[in-house]
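An overview of the molecular structure
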Amino acid sequence: MTFRFRSAPAACALTLSVFAFAGCKGKDDAGGENQIAPDTTAMAPAAPAVGTDSAATAAPAAPAVTDPQIAAIVVAANDVDIKAGELAKGKSQNAQVKAFAQMMITDHGAVNKAATDLVTKLNVTPEENPTSKSLTDGGSANRTSLQGLSGAAFNKAYVDNEVAYHQQVLDAIDKTLIPSAQNAELKKLLQDTRPAVANHLEHAKTLQASLPAA
């Protein structure tokens, strides 16, 4: 599955393979288009011919994301939003947008500190993986798009992206990261972080609805 992180209407939508690397453990959830699962469309095998063993031709199960990989994903996801917040705080002239951006910097900075403290305590080295790299690269591309905007167009693009980003991070926490986490303290960190991400999403939606048209 690919996710689109929206920036400005004039800029190209950023399509990332975010969280596609991290397969869910156990039974798959009944999904809609937001279900977090590897995109197997392009590599799905053809239907087996009559009389063949379908089990032998089934696609292999996707690997579960590991705790070191989860740690890297958490850090990357927070860094992306911190840097976007720093950009918005400097460029926007809208008081509500600037306040939201500061909240992103503060809250995501606190989560990164907690994650760093935990992996240090557990002697776990975060392991970069396709998901964490996609987040980092996509965040950089999004900031480049935002740099070319100003005024109402910048505000709309930034907040639209925040809505999309937090929705997909929330889905990933629920469907991939928490189910895959093996260490109890790492799982608890993710569970404790979830309400803040949900709150950010609702705040971003409220702000999105209040902004004037670009």
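Describing the overall build of the protein
- What the protein contains, in helices and strands, is six helices and two strands.
- Across the protein, helices and strands are ordered from the amino to the carboxyl terminus as β-β-α-α-α-α-α-α.
- The buried share among the 214 residues of the protein stands at 42%.
- Nonlocal contacts in the protein, meaning residues at least 24 apart in sequence, comprise 78% of its contacts between residues at least 6 apart.
- A total of about 10800 Å² of accessible surface is found on the protein, and carbon and sulfur atoms cover 56% of it.

Re the environment of Gly90
- The topology assignment puts Gly90 in helix α2 (residues 67–91).
- Of the residues examined, Gly90 reaches a relative accessible area of 57% and is grouped as exposed.
- In the structure, Gly90 is positioned 11 residues away from Ala101 in sequence and 9.4 Å away in space, judged by C-alpha atoms.

A closer look at the packing of aromatic side chains
- Across all of its chains, the model carries two aromatic pairs by this definition.
- Measuring from ring centre to ring centre gives 6.3 Å for Phe154 and Tyr158, while their planes differ by 5 degrees; the resulting arrangement is stacked. Residue Phe154 and its partner Tyr158 are both found in helix α5 (residues 151–180); the two are separated by four residues, about one turn of the helix.
- Tyr158 gets classed as buried once you look at its relative accessible area, which sits at 0%.

Considering helix α6 (residues 184–210)
- An ideal rise of 1.5 Å per residue puts 39 Å on 27 residues; α6 measures up with 40 Å between its terminal C-alpha atoms.
- A bend of about 30 degrees at Arg194 is the largest found in α6, and the proline Pro195 appears one to four places after it.
- Of the residues making up α6, those classed as buried are Leu186, Leu189, Leu190, Thr193, Val197, Ala198, His200, Leu201, Ala204 and Leu207.
- Packing partners of the buried residues in α6 comprise α2, α3 (95–122) and α5.
- The N-cap of α6, judged by a side-chain oxygen 2.8 Å from the amide nitrogen of Glu185 a few residues on, is Asn183.

Brief notes about the packing of α2 against α5
- Axis separation between α2 and α5 bottoms out at 12 Å; the angle between their running directions is 165 degrees. Relative to α5, the element α2 lies roughly antiparallel. In the packing of α2 onto α5, the handedness of the crossing is left-handed. For the pair formed by α2 and α5, the contact residues are Asp67, Ile70, Ile73, Ala76, Ala77, Val80, Asp81, Ala84, Gly85, Leu87, Ala88 and Lys91 on the first element and Phe154, Tyr158, Glu162, Tyr165, His166, Leu177 and Ser180 on the second.
- Tallied by class, the residues present in the contact of α2 with α5 amount to 12 nonpolar, three polar and four charged.

Considering the pattern of salt bridges
- For the coordinates displayed, the defined rule picks out seven salt bridges.
- Residue Asp137 is joined to Lys133 by a salt bridge in which the shortest nitrogen-to-oxygen separation is 2.7 Å. Of this pair, Asp137 and Lys133 both sit in helix α4 (residues 130–147), four residues apart, which is roughly one turn of that helix.
- Classification of Lys133 as partly exposed rests on a relative accessible area of 43%.

Looking at the nonpolar core
- The biggest cluster of nonpolar side chains holds 42 residues, and the ones touching the most others in it are Ile70, Phe100, Leu135, Leu146, Phe154, Tyr158 and Leu190.
- Within the residue set of this core, elements represented by two or more residues are α2, α3, α4, α5 and α6.
- With 11 residues, α5 is the single largest residue contributor to this core.
- Look past the residues within four positions of Leu190 in its chain and what remains in contact with it is Ile70, Val74, Ile173, Leu177, Ile178 and Ala181.

Concerning the side chain of Glu162
- Tracing the backbone shows Glu162 in helix α5.
- No salt bridge is formed by the buried Glu162, whose closest oppositely charged neighbour, Arg143, lies at an N-O distance of 9.4 Å.
- Residues contacting Glu162, with those up to four places away along its chain left out, are Asp81, Ala84, Phe100, Met104 and Ala204.

What counts as what
- Residues numbered from 1 in each chain as written.
- Predicted model: local features only at pLDDT ≥ 70, side-chain atom pairs only at ≥ 80, totals over all residues.
- Heavy atoms only, no water.
- Helix = DSSP H or I, 4+ residues; strand = E, 2+ residues; numbered from the N terminus.
- Buried < 20%, exposed > 50% of the residue type's maximum accessible area, 1.4 Å probe, protein only.
- Contact = heavy atoms within 4.5 Å.
- Areas by Shrake-Rupley, 256 points an atom, 1.4 Å probe, with all protein chains shown as cover.
- Phe/Tyr/Trp six-rings, centres within 6.5 Å; stacked < 30°, edge-to-face > 60°.
- Expected span 1.5 Å × (residues − 1).
- Bend = angle between axes of the 7 residues up to and from the residue.
- Polar contact = N/O pair within 3.5 Å; in protein donor to acceptor, adjacent residues only side chain to side chain.
- Axes fitted to C-alpha atoms, helices over the stretch in contact; angles between N-to-C directions.
- Parallel < 35°, antiparallel > 145°, perpendicular 65-115°, else oblique.
- Left-handed = near helix turned anticlockwise from the far one by under 90°.
- Nonpolar A, V, L, I, M, F, W, Y, C, P; charged D, E, K, R; others polar.
- Salt bridge = Lys/Arg side-chain N within 4 Å of Asp/Glu carboxyl O.
- Core = buried A, V, L, I, M, F, W, Y, C linked by side-chain atoms within 4.5 Å.
- Lys, Arg positive; Asp, Glu negative; His and termini not counted.

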